[in-house]
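Reading the structure
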Amino acid sequence: MPNVSHDTLHGFLPGRPKALNRALDLLDLGIPTGVTTETLPTDASGAPKMFARQMDSVLRVVRPDGRDPFILLVEAQTRIESKKETSWPYYVAYLRDRYKLEVVLLVLCVDTATAAWAARPLRTGLGRPTQVTVPHVLGPSNVPRMSRIQDASADLDFAAFCVWIHSNDPDIEGILTVVGEALAQDTDREARDDLAGLIEDGLGSEHARKIWRNLMETLFTPRQGTIVGDARLAGQEEGRQEGRVAGKAEQLLRLMERRGFCLTEETRQRVITCADMPLLDLWFDRAIDATTLDEIFAAPSSTDRVPAPAQSPEDTAVAGQGPRAPGSSTN
C-alpha cells in the first residue's frame, strides 16, 4: 500500500537524471550517460474507467543523441503482492500501446526475498506463452552498499537511493553514518537539509528513521564531546521536554474546564508550574472520570500507573492533607 517511504522510493530518481543514469547502469542496458527525462501520467485506468489503475512513476527517457527514446515504468515494491503479477503485464502492454515505444519495467525492492519474487518472468497463455513480462529489479543484491564516505560524497542523490534499498540491512546504522558524514560535508545548506529530510521520508523502518534523526542532530550541530556541542545538544533536549510539559499542562486545564470544574488562579498555577510529566499524565487520566478536584490532585498511590514524584517537605505536608482548591468537594 502506498505510503511516504513507498512514494519517495519510486518518485526520487525521475527528478535526478544523474542518479537515474547510475541506476540504469546497474541493469546493463547500455544506456549512455546524460539522459533526459519527461514525467508522464501514471493513470492506466483507460476509458471508460471501470476501476482505478495507478502506476507508480512513468518516464519518457531520451538518450543524449535523441535516438531511441523509451518508456521507463518505475514500481516500488516493499513486500510481495500477488496482484502485481497481473498488474505489471497490463501496465507494460498499456504503455506500449499508448506511446508506441519500448517499455522497461524497473522494480525497486528493499529486501532480497521481494527482489527474487519480483524478478520472476510473468507468463500468460496456453502452451507457448502469449505474453511474457520480465521485470528488471534493483535490490540489495545488485545495488551498492555505501561503506565509504568518498563514494557517498561523489553522488549524494545516488547514495540516498542506495540507503533506501538497504534500509533493512543489519548494519543500517553503519550505512546511515557513512551517508550522514558525506551529507554533512555538503556546503549547500539548503540542498543538504532537503536531502536529509527526503532520506528520512524514504526509510520504511522506524528503527532506521530514529538512527537517522539522531545522526542529523549530532552531524548538523556542534559535535558531542565539546563544551559548546554538549551544551547546545543538552539545551535542545531541555527545550523539547519543556515544550512537552507545557503542552500537557494546557491539555489538562482545557479538559478540566470542559468537565465543568471551577478553576481558581491557585489551581491553574499548580498545573502550569508542575514540571513533572508523569504527574501531569496521572492528573490528566484522573480528570477524565473524576467528579471533584480532590480526586484529580490526590497523592499518587501504589495502584496508580506512575510512581509518586519526589516532593519537597512543604508539598508532602499539603499532599498528606489532600489538595484543596476552591470548587472542590471539601469546600
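These numbers come from a predicted model, not from an experiment.

So, about the pattern of salt bridges. This model, assessed by the stated rule, comprises 14 salt bridges. Of the charged contacts in the structure, one is a salt bridge between glutamate 75 and lysine 84, with a shortest N-O distance of 3.6 Å. A residue is classified by how much of its surface remains accessible, and glutamate 75, at 1% relative accessible area, is buried. Across the pair aspartate 281 and lysine 248 runs a salt bridge whose closest N-O atoms are separated by 3.4 Å. Highlighted residues: aspartate 281 in helix 12 (residues 277-289) and lysine 248 in helix 10 (residues 227-258), separated in sequence by 33 residues. What makes aspartate 281 partly exposed here is its relative accessible area of 25%.

What follows covers helix 7 (residues 172-184). Since the α-helix packs 3.6 residues into each turn, any two residues three or four apart lie on the same face. Helix length check: helix 7, at 13 residues, gives a terminal C-alpha distance of 18 Å against a target of 18 Å (1.5 Å per residue), a fit within 8%. Buried within helix 7 we find Ile172, Ile175, Leu176, Val178, Val179, Gly180, Ala182 and Leu183.

Note that predicted coordinates carrying low pLDDT should not be read in detail. Across the chain, the average pLDDT comes to 82, with 82% of residues at 70 or higher. Per-residue pLDDT stays below 50 along residues 307-331; that stretch engages in 29 contacts with residues further than four places along the chain or on separate chains.

Most of strand 3 (residues 70-77) sits out of view: eight of its eight residues are buried. Across the two faces of strand 3 the burial is the same, with Phe70, Leu72, Val74 and Ala76 and Ile71, Leu73, Glu75 and Gln77 all buried. Two elements, strand 2 (residues 57-62) and strand 3, share five bridges in a ladder whose sense is antiparallel. When the bridges of strand 3 are listed, leucine 59 appears paired with leucine 72. Pairing geometry for strand 3 and strand 4 (residues 102-109), over eight bridges, is parallel. If you follow valine 74 over to strand 4, its bridge partner there is leucine 106.

So, on to the pairing of strand 4. The buried count for strand 4 comes to seven of eight residues, which makes it a mostly enclosed element. In this fold, strand 3 hands off to helix 3 (residues 84-99), which returns the chain to strand 4; that crossover is right-handed. Of the strand pairs in this sheet, strand 4 and strand 7 (residues 136-138) are connected by three bridges, and their pairing is parallel. By the bridge assignment, leucine 108 is partnered in strand 7 with leucine 138.

Let's shift gears to the packing of helix 8 (residues 189-202) against helix 9 (residues 206-219). At a minimum axis distance of 9 Å, the contact between helix 8 and helix 9 shows a crossing angle of 160°. On the basis of the axis angle, helix 8 is roughly antiparallel to helix 9. You can see that helix 8 and helix 9 cross each other, and the crossing is left-handed. Contact residues: helix 8 offers Ala196, Ile199, Glu200 and Asp201, while helix 9 offers Arg209, Trp212, Arg213 and Met216. Along the lines of polarity and charge, the residues of the contact of helix 8 with helix 9 split into four nonpolar, no polar and four charged.

Let's shift gears to the side chain of aspartate 56. Of note, aspartate 56 is situated in the loop between strand 1 (36-40) and strand 2. Among buried Asp, Glu, Lys and Arg side chains, aspartate 56 stands out as unpaired, with lysine 84 the closest opposite charge at 5.2 Å. Looking at aspartate 56, its side chain comes within polar contact range of the side chain of histidine 6, at 3.2 Å. Residues contacting aspartate 56, with those up to four places away along its chain left out, are His6, His10, Thr42, Val74, Glu75 and Ala76.

Here we take up the sheet that holds strand 2. In space, the five strands of this open sheet follow the order 1-2-3-4-7, with mixed pairing throughout. Each edge of the open sheet carries a strand with a single partner, namely strand 1 and strand 7. Adjacent strand axes in the sheet meet at a mean angle of 30° when their direction is disregarded. Pairing of strand 1 with strand 2 involves five bridges; the strand directions are antiparallel. Note that in strand 2 the partner of threonine 36 across the bridge is valine 62. Along the sheet, helix 3 makes contact with strand 1, strand 2, strand 3 and strand 4, crossing strand 3 at roughly 160°.

A few words now on the nonpolar core. Ranked by size, the top nonpolar core spans 51 residues in total, and within it Leu72, Phe161, Leu176, Ile199 and Trp212 carry the most contacts. Looking at which element gives the most residues to this core, the answer is helix 6 (residues 156-165), with nine residues. With 21 residues, the next largest nonpolar core counts Ile71, Tyr94, Leu101 and Val107 among its residues.

Next up on the list: the environment of proline 89. Position of proline 89 relative to the elements: it lies in helix 3. Residue classification places proline 89 among the buried residues on the basis of a relative accessible area of 14%. Proline 89 sits 44 residues away from threonine 133 along the chain, and the two C-alpha atoms are 5.8 Å apart.

The rules behind the values
- Per chain, residues are indexed from 1 in the order of the written sequence.
- Where totals are concerned, whole chains, interfaces and linings use all residues; where local detail is concerned, this predicted model gives features only for residues with pLDDT of at least 70, and gives and counts side-chain atom pairs only at 80 or more.
- The side-chain values count all of the structure's non-hydrogen atoms but skip hydrogen atoms and water molecules.
- Salt bridges are identified by distance alone: a Lys or Arg side-chain nitrogen within 4 Å of an Asp or Glu carboxyl oxygen.
- The buried label goes to any residue with under 20% of its type's maximum accessible area, the exposed label to any with over 50%, and the partly exposed label to all in between, with areas taken from a 1.4 Å probe on protein chains only.
- Numbering of helices and strands starts at the N terminus; helices are DSSP runs of H or I of at least 4 residues and strands are runs of E of at least 2.
- Expected span of a helix: the number of residues minus one, times 1.5 Å.
- Each residue carries a pLDDT score, the predictor's own confidence in it, on a scale running from 0 to 100.
- A contact between two residues is defined here by any heavy atoms of the two lying within 4.5 Å.
- When DSSP finds two or more bridges between a pair of strands, those strands are recorded as paired.
- Convention used here: a crossover is right-handed provided that the path from the first strand, over the helix, to the second strand proceeds clockwise when the strands point away from the viewer.
- Helix axes are fitted only over the stretch in contact, all axes being lines through C-alpha atoms; the angle between N-to-C directions runs from 0 to 180 degrees.
- Note that the term roughly parallel is reserved for angles under 35 degrees, roughly antiparallel for angles over 145, roughly perpendicular for angles of 65 to 115, and oblique for everything else.
- Helix crossings fall into two classes, left-handed where the near helix is turned counterclockwise from the far one by less than a right angle and right-handed where it is turned clockwise.
- Three categories are distinguished: nonpolar for Ala, Val, Leu, Ile, Met, Phe, Trp, Tyr, Cys and Pro, charged for Asp, Glu, Lys and Arg, and polar for the others, with Gly belonging to the last.
- The convention is simple: Lys and Arg are positive, Asp and Glu are negative, and His and the chain ends are not counted.
- Contacts described as polar in this section are N or O atom pairs within 3.5 Å, which, within protein, must combine one atom able to donate a hydrogen with one able to accept it, while residues neighboring in sequence count only if both atoms come from side chains.
- Here, nonpolar core means buried Ala, Val, Leu, Ile, Met, Phe, Trp, Tyr and Cys residues that are tied together by side-chain atoms lying within 4.5 Å of each other.

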